[in-house]
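Structural characterization, general
Here's the letter readout for the chains.
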Amino acid sequence: MATPLTLKELSKKEDRFTHGHRMCSGCGAPVVVKIAMMATEYPVIVSNATGCLEVSSCISEFTAWNVPWIHTAFENAAATLSGVETMYRSLKKQGKFDQEVKFIAFGGDGGTYDIGFQSLSGAMERGHDMIYICYDNGAYMNTGIQRSSATPLGADTTTCPAGSVIPGKLRNRKNLTKIMAAHDIPYVAQASPSHWQDLFKKVQKAHEIKGPKFINVIAPCNRGWRSKTNDAIQLSRLAVNTCYWPLYEIEDGVTRITVTPKEKIPVAEFMKPQGRFKHLFTPENEGLLQRVQEEVDKEWAKLLKEAKTD
Amino acid sequence: MAKVVAVTGNEACANALRQVNPDVCGIYPITPQTDMMQRFASFIADGKVDTESILVESEHSSMSACIGAAAAGGRVITATSSQGLALMWEMLHIASGDRLPIVMPVVNRALSAPLNIHGDHSDAMGARDTGWIQLWSENGQEAYDNTIQAFRIAEHMDIRLPIMVCLDGFIISHSIERLEYLEDKQVKDFVGPFRNFLPLLDLAKPKSYGPLILTDLYHEYKRAQHEIMTKVKDVVLDVAKDFEKMSGRKYGIFESYRLEDADVAIVILNSAAGTTKDVIDQFREKGIKAGLLKPRLFRPFPFAEIADALKNAKAVCVMDRADSYGSYGPLFMEVASALYPLEKKPLLMNKIYGLGGRDYLPSHAAQVLTELNEIAKSGKVNVLKEYIGVRE
């Protein structure tokens, strides 16, 4: 490994996603992007779906991207990047280009789980050599916190508001990580900015694997989660320790849990500091809160069963 | 030397694309384009081109991938029809807004609903305001010649804009015609090597494609896009001049047929122009001074030149193979706008014909020319917009 995995060493590296972007203070996404961009020495070309990250990082004549970067539309970061990567292969094959380049697409959960799902699935099936990184904050945060298919059960959003009759979102979130694994691509992983070394290593490993890779990273949004601006890392750690967001990877079909919580704590610990779940902590919604815990337990048990034990 | 062949329009275009040998091609099937792209896929499979294909899961992704590939830095093609072009619509704006010289034959076909796979111009007309250059083609030969010229036009350093080459579905795409192919080397030399402009793959100088532009600059960007369009006409004419030197075939921004001294004229696009020319000859024999104008460059629309070409006619019928429901046909609206500034202008009418592959017959052209002749005499237009060849 070229760089020892310490913050001291990493801080000496040139930023590929620089300061001066306009993401909200306390947002989890830029932390995810910064770590992911550090995790390789290769030149990287980035494709970005429309969303918070895109509108905040490249406005008018300013950009926070220290690498070639392309944004076209909301639903097609994967398709756009598959074009860039194909041109790269074509020019390489013809002897017109000789450098080794890596490709990363970034999309939020709306641009990945929902409208961008077809484009992502297509690019993965075609086998383009790229990593698709979803920063998942569980709603369309940029447009004012609307429900996406990544919105967790029970959450209050502006399009599935917790009202007097309906207590927020009534459906489970889509398990996109598993769906991507079902594409039989060589590498799929789930990561969190709280466990930044794990995230770093996953991106680093993904770059060394030829073909399509997908990494799903939880990215707290204090606007949409209605949490404190200094809570992003703590909340993503709670997501891991409650097993709401297990950290695992599926490499060539083999599942491995990369971080096992010392003690699996109740999911309510992750939910309580967030305003979007406030309504669940009332006596009448006890049942729904119970259901959230059951769903987390069920998924964690499934994962434990699937995972390879060393 | 040129080789005379009997081929379909799709085959001719596929062959033009082979001769150009682009770097990347987006491929998704749709009738009546499918045959063109599967022929091109065979060229890839047989190693006759260096092209890398992207076998996408939709036309939206096809255009997205083409945009990514063109921004990366290289020559990019795709082709589509109908619903496919409609699905690309969002990305068409992005290709032109990012100034990416993608070349795309569009095999014109009707739009749903009701579902119809046959030829009309609704698809390309729906994309007329997307910032793409549009060249239209009467027959396989023109589709082939336009496809070759399209690369020089789109990639011109003053322009760098995407371009559609329109040809009629089935009537041209699937009919076998006599055609003259250029030699591979001629085409290669004519098109020349691709010249890069701000490629993403220039790693030493990172570029950002597609930033957020707010009210402070968006207006200026869009105005600049219009300014670029004003340069297209001269480039099209220059490229046509070079093409004529090589092939002996002459192209302009439109074709005038017996228009010089015409009292009555039809303005019509693509394959129906051929049928109309025959009927014009018959009317000339009867002593009626009839003529035709066939636009080739539809975007940007050459307003002044078309007004000048039509200004001496007494009556003109603009015929549209597409409609704008609740309005006039799209070609009519352009021609009417072109004529409006003239002090003395011809009487004008609009006929909608041939939708969804309905035959356009010589009798239809004759019916229109007879009516135009009466209007020229009476000075009065009875019905401004009318459907012809329609079952009542």
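Residues numbered from 1 in each chain as written. Chains lettered and ligands numbered in written order. Predicted model: local features only at pLDDT ≥ 70, side-chain atom pairs only at ≥ 80, totals over all residues. Heavy atoms only, no water.

Looking only at helices and strands, one finds 13 helices and 16 strands in chain B. Taking 2.2 N^0.38 as the reference for a compact globule, 392 residues should give roughly 21 Å; the C-alpha atoms of chain B span a radius of gyration of 21 Å, in line with that estimate. Looking at chain B as a whole, 58% of its 392 residues are labelled buried. Across chain B, the fraction of contacts at a sequence separation of at least 24, relative to all contacts at a separation of at least 6, is 80%. Total accessible area on chain B is roughly 15600 Å²; 53% of this is exposed by carbon and sulfur atoms. In chain B, the 43 positive side-chain charges and the 50 negative ones have mean positions that sit 4 Å from each other. (Helix = DSSP H or I, 4+ residues; strand = E, 2+ residues; numbered from the N terminus. Rg over C-alpha atoms; globule rule 2.2 N^0.38 Å. Buried < 20%, exposed > 50% of the residue type's maximum accessible area, 1.4 Å probe, protein only. Contact = heavy atoms within 4.5 Å. Areas by Shrake-Rupley, 256 points an atom, 1.4 Å probe, with all protein chains shown as cover. Lys, Arg positive; Asp, Glu negative; His and termini not counted. Charge placed at Lys NZ, Arg CZ, Asp CG, Glu CD.)

The next thing to look at is the packing of helix α10 (residues 272-285) of chain B against helix α13 (residues 362-378) of chain B. All names here are of chain B. Where α10 meets α13, the closest approach of the two axes is 9 Å, and the angle between their N-to-C directions is 50 degrees. It follows that α10 is oblique to α13 by the angle criterion. In this structure, α10 crosses over α13, and the sense of that crossing is right-handed. Two secondary-structure elements touch here, α10 through Thr275, Thr276, Val279, Ile280 and Phe283 and α13 through Pro362, Ala365, Ala366, Leu369 and Thr370. Classifying every residue of the contact of α10 with α13 gives 7 nonpolar, 3 polar and no charged. (Axes fitted to C-alpha atoms, helices over the stretch in contact; angles between N-to-C directions. Parallel < 35°, antiparallel > 145°, perpendicular 65-115°, else oblique. Left-handed = near helix turned anticlockwise from the far one by under 90°. Nonpolar A, V, L, I, M, F, W, Y, C, P; charged D, E, K, R; others polar.)

With an omega of -10 degrees, the peptide bond running from Ser112 of chain B to Ala113 of chain B counts as cis. Within the element layout of this structure, Ala113 of chain B appears in the loop between β5 (103-108) and α5 (122-126). The peptide bond linking Ala113 of chain B to Pro114 of chain B adopts the cis configuration, its omega dihedral lying at -5 degrees. Examined against the element boundaries, Pro114 of chain B turns out to sit in the loop between β5 and α5. Despite not being glycine, Ser60 of chain A has its phi angle at roughly 50 degrees, a positive value.

What follows is about empty space enclosed by the protein. Empty pockets left among the atoms are what a rolling probe the size of a water molecule brings to light. Residue and element names in this part refer to chain A. In total, this model carries 2 cavities of 30 Å³ or more according to the counting rule given. The volume enclosed by the largest cavity comes to roughly 40 Å³. Lining the largest cavity are Asp136, Asn137, Gly138, Ala150, Arg173, Ile218, Trp225, Tyr244, Trp245 and Arg276. Classifying every residue of the lining of the largest cavity by side-chain character gives 5 nonpolar, 2 polar and 3 charged. Each pocket or cavity is described by its volume, and for the second largest cavity that value is around 40 Å³. Forming the boundary of the second largest cavity are Val101, Lys102, Phe103, Asp129, Met130, Ile131, His207 and Lys213. Those elements that place two or more of their residues in the lining of the second largest cavity are β5 (102-108) and β6 (130-136). Of the residues in the lining of the second largest cavity, the class split is 4 nonpolar, 1 polar and 3 charged. (1 Å grid on protein atoms, 1.4 Å probe; cavity = no way out; pocket = protein on both sides within 12 Å on 5 of 7 lines; lining within 4 Å. Points joined across faces, edges and corners; volume = space filled by probe spheres on them.)

Moving on: the interface of chain A and chain B. Taken together, the contact pairs 41 residues of chain A with 41 residues of chain B. In total, about 3100 Å² of surface goes out of reach between chain A and chain B, with carbon and sulfur atoms giving 62% of it. On the surface where chain A and chain B come into contact, there are 4 salt bridges. A salt bridge links Glu57 of chain B to Arg126 of chain A; the shortest N-O distance between them is 3.0 Å. No other element matches helix α4 (residues 77-93) of chain A, which puts 12 residues into the side of chain A that touches chain B. The class makeup of the residues in the side of chain A that touches chain B is 17 nonpolar, 17 polar and 7 charged. Sheet topology note: the strand β4 (residues 69-70) of chain A/strand β9 (residues 208-209) of chain B ladder contains 2 bridges and is parallel. Looking at β9 of chain B, one finds that Ile70 of chain A is bridged to Tyr209 of chain B. (Buried area = accessible area lost by both parts, 1.4 Å probe. Salt bridge = Lys/Arg side-chain N within 4 Å of Asp/Glu carboxyl O. Pairing = 2+ DSSP bridges.)

Now for the side chain of Asp123 of chain B. All names here are of chain B. Along the chain, the position of Asp123 falls in helix α5. Despite being buried, Asp123 has no salt bridge partner; Arg109 is the closest side chain of opposite charge, sitting 6.8 Å away. What Asp123 contacts, discounting residues up to four positions off in sequence, is Ser81, Ser82, Leu85, Val106, Val107, Asn108, Arg109 and Leu111.

With that settled, consider the sheet that holds strand β7 (residues 187-191) of chain A. With mixed pairing, the 9 strands of this open sheet are ordered in space as β10(A)-β9(A)-β7(A)-β8(A)-β6(A)-β5(A)-β1(A)-β4(A)-β9(B). Every interior strand has two partners, whereas the edge strands, β10 (254-259) of chain A together with β9 of chain B, have only one. As paired strands, β7 of chain A and strand β8 (residues 212-218) of chain A are joined by 5 bridges and run parallel to one another. Bridged to Ala191 of chain A within β8 of chain A is Val217 of chain A.

All names here are of chain B. Tallied over the entire structure, the rule returns 50 salt bridges over all chains. In this structure, Asp129 engages Arg299 in a salt bridge whose closest nitrogen and oxygen atoms are separated by 3.5 Å. One end of the pair, Asp129, is in the loop between α5 and β6 (133-136); the other, Arg299, is in strand β13 (residues 297-299), with 170 residues separating them in the sequence. Here Lys245 ties to Asp242 by a salt bridge, and the two come within 3.5 Å at their closest N and O atoms. Here Lys245 pairs with Asp242, and both are found in helix α9 (residues 232-247), just 3 residues apart, close to one helical turn. Three or more residues are tied together by salt bridges with common partners; here these are Glu138, Glu142, Glu255, Lys277 and Lys294.

Moving on: a nonpolar patch on the surface. All names here are of chain A. A contiguous nonpolar surface patch, about 310 Å² in accessible area, is contributed by Val165, Ile166 and Leu170. Along the chain, Val165 turns up in the loop between β6 and α7 (176-181). Its relative accessible area of 75% is what places Val165 among the exposed residues. (Patch = residues over 30% accessible without salt bridge, like charges linked within 9 Å, V, L, I, M, F, W, Y side chains within 5 Å.)

Enumeration according to the criterion identifies 18 aromatic pairs over all chains in this entry. For the pair Tyr132 of chain A and Phe214 of chain A, a centre-to-centre distance of 6.1 Å together with 20 degrees between the ring planes defines the contact as stacked. In this pair, Tyr132 of chain A sits in strand β6 while Phe214 of chain A sits in strand β8, placing the two residues 82 residues apart along the sequence. Given the relative accessible area of 1%, Tyr132 of chain A is considered buried. With relative accessibility at 0%, the residue Phe214 of chain A sits in the buried group. Feature note: the residues Phe17, Trp65, Trp69 and Phe106 of chain A constitute an aromatic cluster, connected by ring pairs. One residue, Lys277 of chain B, lies across the ring of Tyr257 of chain B, its end atom 5.8 Å from the ring centre. (Phe/Tyr/Trp six-rings, centres within 6.5 Å; stacked < 30°, edge-to-face > 60°. Lys NZ or Arg CZ within 6 Å of the ring centre and 35° of its normal.)

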